[in-house]
Structures are given as structure tokens and as C-alpha cells.
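Chain by chain, the residues run as shown.
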Amino acid sequence: MSENAIGKYTGKGVVDAMPFKHKLVDVKQGELSRLKRSKPGCAGVLADLAAAMPEHGNAARIHPDCYAEIVEAAQTLEQIRAQRPEADKLAEVLRESEAYYEDKLEGLISRLAKTVLDTAKDENKPALLATFESAIQYRTQYADKGVATRRKNQQNADEAPSEA
């Protein structure tokens, strides 16, 4: 990977949901699509309610707890939305950083195993192969699997004409 393909993360690196942690929910898998989302104009409705409720709430027989619950839900939503951009970016950066360092680790282990193989061969030190056996096997496991698959496919191809 080119060094031009990566950049340093410049965000805060911190998302603070503690003030509203007790209000966060974890929706079951597949159930999120069943929840209703805000329609266009919701902010205007909230502003109209804030103006109407003090004077006309009782006349409309709207219990104060009903409106208080609306206000609380709107405030919680504001708090969550204030944290989302940083949280989303941080989650993206964590995923990308994990992949970057995983790739780097794979390269380093591969280079180490190749160095051991070359040293063992060039300097006639076969004991090194046993010492670093796990790293060498780790490096070649996909290649070994590919060879085994090709052998199996070749065997199946060789056996198929005799059955016909």
C-alpha cells in the first residue's frame, strides 16, 4: 500500500455519550427498519408546540407530561445527533486502521519468515526452520491450501473419465 493512500486521523478521537448513556438503546437485528423516522418539517412542529403549549395546552386537554416527554425525546435526539459525525468518523477510522495494521503485520511476519528461510538455506542452519516453524507455516498457509485444492481438483478430473 502506498503511503499516499493513508492519512493521519485529525478528529478528536473521543465520543462522549455518558450524559445520555442511560437513554441509549440497542435495537434487535432486523427491527430497525420497523421504527418510524422523522418526517420533513419535524423541527417546525416542535417550534410550534413550544409556542402553543404554554397558552393552549390545557385548553386542548394535553397533559403536561405528554409534552414533557416530547421535549425530552427531542433533546435526547439532539444530543445523539451532535455525537454522530465524530462517532461515525471514528468508527470508520478504527475499521481502516485495523485493516492497515493487520496488513502491516502480515507483511512483517511474511518478511521475517522469508528471512529465516533464506538464512537457514544460505548458512546451512536447518534448526532455524524448526524454531520458526509456526511463522513459516503461517506465511504459506494460503499457498498450501491452494496447492491442496489444485491436487484434489486434478484427482477428481483424472477419476471422472474412468467413471464415464
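Residues numbered from 1 in each chain as written. Predicted model: local features only at pLDDT ≥ 70, side-chain atom pairs only at ≥ 80, totals over all residues. Heavy atoms only, no water.

Colleague: Could you clarify how one ought to interpret the overall build of the protein in this entry?
Modeller: In terms of regular secondary structure, the protein is built from four helices and zero strands. The secondary structure elements of the protein, listed N-terminal to C-terminal, are α-α-α-α. Taken over C-alpha atoms, the radius of gyration comes to 31 Å for the protein, far larger than the 15 Å a tight globule of 164 residues would show. In terms of overall dimensions, the protein has C-alpha extents of about 95 × 55 × 30 Å along its principal axes. Evaluated residue by residue, the protein yields a buried proportion of 9% over its 164 residues. Working note: accessible area of the protein is about 14100 Å², and carbon and sulfur atoms make up 55% of it. Computed over 24 positive and 26 negative side-chain charges, the inter-centroid distance for the protein is 1 Å. (Helix = DSSP H or I, 4+ residues; strand = E, 2+ residues; numbered from the N terminus. Rg over C-alpha atoms; globule rule 2.2 N^0.38 Å. Buried < 20%, exposed > 50% of the residue type's maximum accessible area, 1.4 Å probe, protein only. Areas by Shrake-Rupley, 256 points an atom, 1.4 Å probe, with all protein chains shown as cover. Lys, Arg positive; Asp, Glu negative; His and termini not counted. Charge placed at Lys NZ, Arg CZ, Asp CG, Glu CD.)

Colleague: Even after reading the chapter, I still don't get the packing of aromatic side chains, so can you show me in this structure?
Modeller: To describe a pair of aromatic rings, you give the distance between the ring centres and the angle between the ring planes. According to the stated counting rule, one finds one aromatic pair in the structure shown. For the pair tyrosine 100 and tyrosine 101, a centre-to-centre distance of 4.9 Å together with 85° between the ring planes defines the contact as edge-to-face. You can call tyrosine 101 exposed: its relative accessible area is 52%. (Phe/Tyr/Trp six-rings, centres within 6.5 Å; stacked < 30°, edge-to-face > 60°.)

Colleague: What's the story with the side chain of glutamate 86 in this structure? I'm lost.
Modeller: On the secondary structure map, glutamate 86 appears in helix α2 (residues 64-122). In this structure glutamate 86 is buried but unpaired, with lysine 12 as the nearest side chain of opposite charge at 5.4 Å. Apart from the residues within four sequence positions on either side, glutamate 86 is in contact with Tyr9, Gly11, Lys12, Gly13, Val14 and Val15. (Salt bridge = Lys/Arg side-chain N within 4 Å of Asp/Glu carboxyl O. Contact = heavy atoms within 4.5 Å.)

Read these as layout, nothing more, since geometry by itself doesn't imply function.
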